[in-house]
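Examining the three-dimensional arrangement
As a plain string of letters, each chain reads:
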Amino acid sequence: MENSMIRDEAEVLTNKEIADGVWRMELKTKLAALAKPGQFVMVGTHSDSHLLMRPISISEFEKDDNILRLVWRTVGYGTNEMAAARPGEVFSLLGPLGNGFPVQDADNKKHILLIGGGIGAPPLLGLMKTLRETHPADEITAVLGYRGKATGLFLTEEFEKYGKLVISSDDGSVGTHGTVIDAIRENGLKADIIYSCGPMPMLSAVKKYAAENGVRAWISLEERMACGVGACLGCVVKTKHEDHHSHVNNARICTEGPVFDAEEVEI
Amino acid sequence: MNTEVKIAGVTFKNPVMDASGTFGSGIEYSVFTDLNRLGAVVTKGVADHPWPGNPTPRVAETPSGMMNAIGLQNPGIDVFVERDLKFLEDYDTNVIVNVCGHSKEEYLNVVERLADEKRVDMLEINVSCPNVKEGGIAFGTRPEALYDITKAIKEIAKQPVIMKLSPNVTSIADMAKAAEDGGADAISLINTLTAMKIDIYKRKFALANKTGGLSGPAIRPVAVRMVYEASHAVKIPVIGMGGIATAEDAIEFMMAGASAVAVGMYNFHDPTAMIKVIDGIEDFMKKTGVNDIKEIIGCV
């Protein structure tokens, strides 16, 4: 067992609503020094009646400054409690957890495509930043799907810092009217490696697109979790091949994932 | 100050262990918890062949607790022995292997396979999982069936046998008695309570299995009552569990009649929960002048 995960009491430095119901929090934690793009943390609530920690993907990390940035959408008690947090408040974190995106798979690739849908976009920002360390900006393109202008775009300026940004929206208010796949086609984008995170229908479309084009796609999955560390077997996904842990083609999303080769998982 | 307890001839350095299914085999949580400090590691249920478990979602949060319907996914006894038991060889703690099966034969296969495994100190027989359709709870909700399976297991088991009881019965005392009559060396309770949760916006069940097992502090008073009733019905030792979060909770179960206790769902809330319970029990003993933890067992 690798000792790369820790438990830490992390202090909130900043917390802002960056789009309708979408929040971005900066936390001071030594966990940031251990993080890789695409990993996640479990965040404890302050409530005695909501006892499970919440899995939240890591958007960005500053190793030298011990800063972790989380971006999430409010959907229930835990995410609302995080949204209400003021600077100085402390959250229990467990992490970094999961495998993260295999960054080295982009080595020698010239057309790196990052495909994000809605609240799936944030972890791709940390990935894009990391990829930019080894690739020129014109080799990296992020394709992000949003609902539309009314609910707000988020993180677009940050993504633009590290490469090209292409946008699609459900209502056509910005970028391509349609899905991220429509945006890829409309802009004639090429891919020799894909990294993706977003809602299940989008990931299925990405899997299909990648198969049609003979490109490997790494997709990040989510599922209800209890422990987050691989003990409870609450979060599993059916896999094509037998994994080393379950031996029943039911890999743990929290541990063998959350990032999987799209070909490998039945979604 | 003595925190040692003895169950069926096996000595525990303290009465605190994990509840099966919430801690894997300790491999993952060993990063946060020194397994050497635990009275025992109770492993997740293992069968004679790999089980895929239920579809997802398998877990849901509920007030002060959670529901699960994992369906006893496990890699089968061969992988378990090679990987999990081998891992536990390095630790100075008791190992209790939780055994599951769809039929009497499947239970016996696992018990037989483990008979000569020196690292196994005790067996806990899961006849109370509410989330598998055949076997499991079918053996744990009728006294005659529980008596039969206990007797059959005892005939071939080389380690002491703990029967893990379901709370989803009319009389826990009758079930405890059936296990004792079948020859069980100890009983553990409670397993989870069968429950249901509905997502009213999606008009769907929260769990793919529709029903699941409820655990966590929400069920604690039910568990305390059942531990009390069971321990008064039998002479064999009782291991108490159900929503234990703190040392105070653990002590409550022991006063109700438990010789040892297990922390379950709360491990997910705080991966160091068991260590805090162990330290807290020692603090309580100091503060209240208890020299031997055995003094408080069933003291109410």
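The present account deals with the structure reproduced in this document. (Residues numbered from 1 in each chain as written. Chains lettered and ligands numbered in written order. Predicted model: local features only at pLDDT ≥ 70, side-chain atom pairs only at ≥ 80, totals over all residues. Heavy atoms only, no water.)

Another point: the overall build of chain B. Assigned secondary structure in chain B consists of 9 helices and 16 strands. Relative to a compact globule of 300 residues, whose C-alpha radius of gyration would be 19 Å, chain B shows 18 Å and is just as compact. For the C-alpha atoms alone, the extent of chain B along its principal axes is close to 55 × 50 × 40 Å. Buried positions account for 63% of the 300 residues belonging to chain B. Once local pairs closer than 6 in sequence are excluded, the contacts in chain B between residues at least 24 apart make up 72%. Accessible area for chain B stands at about 11100 Å²; split by element, carbon and sulfur atoms hold 51% of it. (Helix = DSSP H or I, 4+ residues; strand = E, 2+ residues; numbered from the N terminus. Rg over C-alpha atoms; globule rule 2.2 N^0.38 Å. Buried < 20%, exposed > 50% of the residue type's maximum accessible area, 1.4 Å probe, protein only. Contact = heavy atoms within 4.5 Å. Areas by Shrake-Rupley, 256 points an atom, 1.4 Å probe, with all protein chains shown as cover.)

Right, let's talk about the interface of chain A and chain B for a bit. The partner chain B presents 38 residues to the 33 residues of chain A that form the contact. When chain A packs against chain B, close to 2900 Å² is buried across both sides, 62% of that on carbon and sulfur atoms. Put simply, R7 of chain A and D270 of chain B hold a salt bridge, and the shortest N to O gap is 3.2 Å. For the pair chain A and chain B, the number of links is 13 residue pairs in polar contact (both at pLDDT 80 or more). Going through the elements one at a time, β1 (6-19) and β14 (250-252) of chain A are the ones with two or more residues in the side of chain A that touches chain B. Counted by class, the side of chain A that touches chain B contains 16 nonpolar, 10 polar and 7 charged residues. (Buried area = accessible area lost by both parts, 1.4 Å probe. Salt bridge = Lys/Arg side-chain N within 4 Å of Asp/Glu carboxyl O. Polar contact = N/O pair within 3.5 Å; in protein donor to acceptor, adjacent residues only side chain to side chain. Nonpolar A, V, L, I, M, F, W, Y, C, P; charged D, E, K, R; others polar.)

We now examine a positive patch on the surface. Taken together, R224 of chain A together with K197, K202 and K204 of chain B make up a surface patch of like positive charges. Mapped onto the elements, K204 of chain B comes out in strand β13 (residues 204-205). (Patch = residues over 30% accessible without salt bridge, like charges linked within 9 Å, V, L, I, M, F, W, Y side chains within 5 Å. Lys, Arg positive; Asp, Glu negative; His and termini not counted. Charge placed at Lys NZ, Arg CZ, Asp CG, Glu CD.)

This next bit is on the pairing of strand β9 (residues 164-169) of chain A. Residues and elements named next belong to chain A. β9 sits mainly inside the fold: 5 of its 6 residues count as buried. The sheet contact formed by strand β8 (residues 140-146) and β9 spans 6 bridges and is parallel. Along β9, the bridge assignment pairs T141 with K164. (Pairing = 2+ DSSP bridges.)

Turning our eyes to something else, we now look at the sheet that holds strand β14 (residues 211-215) of chain B. Residues and elements named next belong to chain B. Pairing is antiparallel in the open sheet, where 4 strands are placed in the order β5-β6-β14-β11. At either end of the open sheet lies a strand with only one pairing partner, and these are β5 (59-62) and β11 (193-196). Direction aside, the axes of adjacent strands within the sheet are offset by 40° on average. Examined bridge by bridge, β11 and β14 share 4 bridges and lie antiparallel to one another. Residue T194 lies in a different strand from β14, and its bridge partner there is G213. (Axes fitted to C-alpha atoms, helices over the stretch in contact; angles between N-to-C directions.)

What follows covers a nonpolar patch on the surface. Residue and element names in this part refer to chain B. A grouping of M196, I198, I200, Y201 and F205 is seen on the molecular surface, where their side chains present a nonpolar patch of about 620 Å² in accessible area. Relative to the assigned elements, Y201 resides in the loop between β12 (198-199) and β13. The exposure class assigned to Y201 is exposed, which follows from its relative accessible area of 77%.

The next point concerns helix α6 (residues 220-233) of chain B. The α-helix advances 3.6 residues per turn, and as a result positions three or four apart in sequence lie on the same side. The end-to-end C-alpha distance of α6 of chain B is 20 Å, a good match for the 20 Å that 14 residues give at a rise of 1.5 Å each. Those residues of α6 of chain B lying buried are R220, A223, V224, M226, V227, A230 and S231 of chain B. (Expected span 1.5 Å × (residues − 1).)

Attention now goes to the packing of helix α4 (residues 143-156) of chain B against helix α5 (residues 172-181) of chain B. Residue and element names in this part refer to chain B. Contact geometry of α4 with α5 gives a least axis separation of 8 Å together with a crossing angle of 25°. It follows that α4 is roughly parallel to α5 by the angle criterion. Classified by chirality, the crossing of α5 by α4 is right-handed. Between α4 and α5, the residues in contact are P143, L146, Y147 and T150 and D174, M175, A178, A179 and D181, respectively. A class-by-class count of the residues in the contact of α4 with α5 yields 6 nonpolar, 1 polar and 2 charged. (Parallel < 35°, antiparallel > 145°, perpendicular 65-115°, else oblique. Left-handed = near helix turned anticlockwise from the far one by under 90°.)

Attention shifts here to the environment of L52 of chain A. Relative to the elements of secondary structure, L52 of chain A occurs in the loop between β3 (40-43) and β4 (54-62). Between the C-alpha atoms of L52 of chain A and T14 of chain A, which are 38 residues apart in sequence, the distance is 24 Å. With residues near it in sequence (within four places) discarded, L52 of chain A still touches T45, M225 and A226 of chain A together with E61, M66, M265 and F268 of chain B.

Turning next to the sheet that holds β1 of chain A. Residues and elements named next belong to chain A. The strand order around the closed barrel built from 6 strands is β1-β2-β5-β4-β3-β6, with neighbouring strands paired in antiparallel fashion. Sheet twist, expressed as the mean angle between neighbouring strand axes with direction ignored, is 45°. Across 7 bridges, the pairing between β1 and strand β2 (residues 22-28) is antiparallel. Pairing of E11 across the sheet is with K28, part of β2. Docked against the sheet, helix α2 (residues 122-132) engages β2, β4 and β5 (67-73), running at close to 30° with respect to β4.

Working definition of a disulfide: a covalent bond connecting the sulfur atoms of two cysteines. All names here are of chain A. If you walk through the whole model with that rule in mind, you get 0 disulfides over all chains. Considering cysteine sulfurs only, C232 is the nearest to C227, which forms no disulfide, with 3.8 Å between them. Overall, the relative accessible area of 2% leaves C227 in the buried class. (Disulfide = S-S within 2.5 Å.)

Let's shift gears to the packing of helix α7 (residues 247-256) of chain B against helix α9 (residues 273-288) of chain B. Residues and elements named next belong to chain B. Interaxial distance between α7 and α9 falls to 8 Å at its minimum, and their mutual angle equals 70°. Taken together, the axes of α7 and α9 lie roughly perpendicular to each other. The element α7 and its partner α9 pack so that their crossing is right-handed. From α7, A247, A250, I251 and M255 reach across to α9, where they touch V277, G280, I281 and F284. Along the lines of polarity and charge, the residues of the contact of α7 with α9 split into 7 nonpolar, 1 polar and no charged.

This next bit is on the pattern of salt bridges. Following the criterion strictly, the structure yields 34 salt bridges over all chains and no others. Among the charged side chains, a salt-bridge network with shared partners connects R24, E26, E60, E62, R69, K129 and E158 of chain A.

This brings us to the packing of aromatic side chains. In this description, an aromatic ring pair is defined by two values, namely the gap between the centres and the angle between the planes. Residues and elements named next belong to chain A. Using the criterion set out here, one finds 5 aromatic pairs over all chains in the structure. When the centroid spacing of 5.7 Å and the interplanar angle of 85° are considered together, the rings of F101 and Y195 count as edge-to-face. You can see F101 sitting in the loop between β6 (90-97) and β7 (112-117) and its partner Y195 sitting in strand β11 (residues 193-197), a full 94 residues away along the chain. Comparing F101 with Y195, the two get one shared label, buried. Ring geometry for Y146 versus F154: centroids 5.2 Å apart, planes at 90°, classification edge-to-face. (Phe/Tyr/Trp six-rings, centres within 6.5 Å; stacked < 30°, edge-to-face > 60°.)

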